[in-house]
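Each chain is listed here by its residues.
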Amino acid sequence: MTNQPPESKAPKSMRLHIGIMGRMNVGKSSFMNMLAGQDVAITSPQAGTTTDVVEKTMELLPIGPVVLLDTAGVDDASTLAEARIEKAKKALNRMDIVVLVITPNEWTDFEDALVNAAHTKKIPLLVIINKTDLGQANPNFLALLEMKKLVYVQGSSTDPARTETFKSEFKERLRGLLPKLFTAPPSLIGDLLPPGGMALLVVPIDLGAPQGRLIVPQVQALRDLLDNDASALVVKDREYAAALQRLKQPPDLVVCDSQVVARVVADTPESIPLTTFSILFARMKGDLVAQAQGAAAIEKLQDGDKVLMAEGCSHHPLEDDIGRIKIPRWLRQYTGHNLTIDSCAGHDFPDNLQEYKLVIHCGGCVMTKQEMTSRLQIAKEKAVPITNYGVAISALQGVLRRALSPFPAALAAYEEAQKN
Ligand SMILES: Nc1nc2c(ncn2[C@@H]2O[C@H](COP(=O)(O)OP(=O)(O)OP(=O)(O)O)[C@@H](O)[C@H]2O)c(=O)[nH]1
Ligand SMILES: [Mg+2]
């Protein structure tokens, strides 16, 4: 037990990030203060009071740990610069849900643009009609929101007599939108292909590996493809080139085992998207963008730098071989530097994490997504780049750009991090 208040226990990344957005002066900061039950953000009748994002971590019962993000208001639509909308859209990337604050009977192009952007990014959106103490929304206006299929709550952030009702209605509506966030299982591969598409899976030769360890990822990929109305062709790496040639149409995606990725890349035309099983799992289990970014640190390693090989479980002979012998060897060969490579296993990172220039994590097959996410978060807080076995192997084989080709955001993050 610790003395910490409950809200400081959960790492930020596991909290529901609620972004409060809207035009200037609609009462975003007042709404946030009302939810927080304290004056977290400055409010004023002056438009443009909030200039930078104000964050408040709190326990929003019964929903759980959340981060409220109060954003700078956007100009009235008439003077709305394109750049402002772009900035607002960018801010969406940090949010799990958007709360769009408006005032009664005012709906501009900005609101439409934000609703569309949230829709495109598949971020649920809840409309708050604020300042109803000054005047109610008229029936036509509410009908317009309903026509746009928007969920809304009405109330006043500054009227103490009505805050409790406002808050509880807000939480109820919010909960109604949440299942979409939590019930949709992350896709392994199915979302990367069009319906009716075909994936070519290149599996390692030693299919008879103990306890089916090498088989599970392929079975999961097959199932996910079938669930998404796609088909698959499975070949061993030796038969890959011939199988590819026999196809009348190129596959929509090639997925191979990390350890044969260099050869498979060599045999695959540039126009065919290609990745590895471990990159697919990294995406499903962790945060591929962060891990692609982390891989850029490989290029910057110097003599004497420390690298940590981290495993989620304490006993895993097969990955031991990759994590303790192969990757360290490739890493030394690739960088040409004298590195200190440590390893850790189990549920905790070592206390001296900040001494490392890079953490290379296993695929986390025995870890939950939350566990992986919180580890990524710890590394982020200590400013230590983190990547994973699969991403690192492709980088060390010199084919990471190619293996990230189906994931534009991760590829961009990797290229950007290489420049810095
Ligand atoms: N009457 C009334 N006034 C409100 C309400 N909510 C906010 N206000 C007032 O509206 C003004 C603007 O509120 P803020 O919370 O600063 O608005 P904001 O959207 O954060 O503004 P920017 O940060 O400038 O974009 C302040 O004077 C608030 O007191 C409400 O529900 N009713
Ligand atoms: Mg504000």
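Keep in mind that what you see is a predicted model, and the values were worked out from it rather than measured.

Colleague: So what's going on with the overall build of the protein chain? Residues and values would help.
Modeller: Looking only at helices and strands, the protein chain has 16 helices and 14 strands in total. Per-residue burial over the protein chain gives 49% buried out of 420 residues. Counting contacts in the protein chain only where the partners sit at least 6 residues apart, residues at least 24 apart contribute 73% of the total. A total of about 20,500 Å² of accessible surface is found on the protein chain, and carbon and sulfur atoms cover 52% of it.

Colleague: Give me the lowdown on the coordination of the magnesium ion (ligand 2), citing residues and values where you can.
Modeller: Here the magnesium ion (ligand 2) is held by the protein donor atoms Ser29 (OG) and Thr50 (OG1), which lie 1.9 to 2.1 Å from it. Of the two residues, Ser29 sits in helix α1 (residues 28-36) while Thr50 sits in the loop between α1 and β2 (54-60), which places them 21 residues apart along the sequence. No difference in accessibility class separates Ser29 from Thr50, as the two residues are buried.

Colleague: Help me get a handle on the packing of aromatic side chains, residues and values and all.
Modeller: Throughout the structure, instances matching the rule amount to 2 aromatic pairs. Where Phe31 meets Phe170, the ring centres are 5.2 Å apart and the plane angle is 85°; that geometry is what we call edge-to-face. Residue Phe31 is found in helix α1, and its partner Phe170 is found in helix α5 (residues 163-177); the two are separated by 139 residues along the sequence. Judged by its relative accessible area of 0%, Phe31 falls in the buried class. Taken together, the aromatic side chains of Phe31, Phe166 and Phe170 make up a single cluster linked through ring pairs.

Colleague: Describe the site of ligand 1, naming the residues involved and giving the relevant values.
Modeller: Neighbouring ligand 1 are 23 residues, the closest being Lys28, Ser30, Gly48, Thr49 and Thr50. Within the side chain of Ser29, a nitrogen or oxygen atom sits 2.8 Å from an oxygen atom of ligand 1. In the environment of ligand 1, an oxygen atom lies 3.2 Å from a nitrogen or oxygen atom belonging to the backbone of Ser44.

Colleague: An account of the environment of Glu86 is requested, with residue identities and associated values reported.
Modeller: With respect to the helices, strands and loops of the structure, Glu86 is situated in helix α2 (residues 82-91). Classification of Glu86 by relative accessible area gives partly exposed; the value is 38%. Distance from Glu86 to Ala113, taken between C-alpha atoms, is 9.7 Å for residues 27 residues apart in sequence.

Colleague: So what's going on with the sheet that holds strand β9 (residues 253-256)? Which residues, and what values?
Modeller: A sheet is described by the order of its strands in space; here 4 strands give the open sequence β8-β7-β9-β10, paired in parallel fashion. In this open sheet, the two strands that pair with only one neighbour each are β8 (231-236) and β10 (274-276). Taking the axes of each pair of neighbouring strands and ignoring which way they run, one obtains an average angle of 20° across the sheet. Here strand β7 (residues 198-203) pairs with β8 via 6 bridges, running parallel. Following the sheet pairing, Val202 is matched in β8 by Val235. Packing of helix α8 (residues 237-246) onto the sheet brings it into contact with β7, β8 and β9, and relative to β8 it is tilted by some 130°.

Rules used in this analysis
- Residues numbered from 1 in each chain as written.
- Chains lettered and ligands numbered in written order.
- Predicted model: local features only at pLDDT ≥ 70, side-chain atom pairs only at ≥ 80, totals over all residues.
- Heavy atoms only, no water.
- Helix = DSSP H or I, 4+ residues; strand = E, 2+ residues; numbered from the N terminus.
- Buried < 20%, exposed > 50% of the residue type's maximum accessible area, 1.4 Å probe, protein only.
- Contact = heavy atoms within 4.5 Å.
- Areas by Shrake-Rupley, 256 points an atom, 1.4 Å probe, with all protein chains shown as cover.
- Donors = N, O, S within 2.8 Å, 3.2 Å for Na, K, Ca; no water.
- Phe/Tyr/Trp six-rings, centres within 6.5 Å; stacked < 30°, edge-to-face > 60°.
- Near = heavy atom within 4 Å.
- Polar contact = N/O pair within 3.5 Å; in protein donor to acceptor, adjacent residues only side chain to side chain.
- Pairing = 2+ DSSP bridges.
- Axes fitted to C-alpha atoms, helices over the stretch in contact; angles between N-to-C directions.

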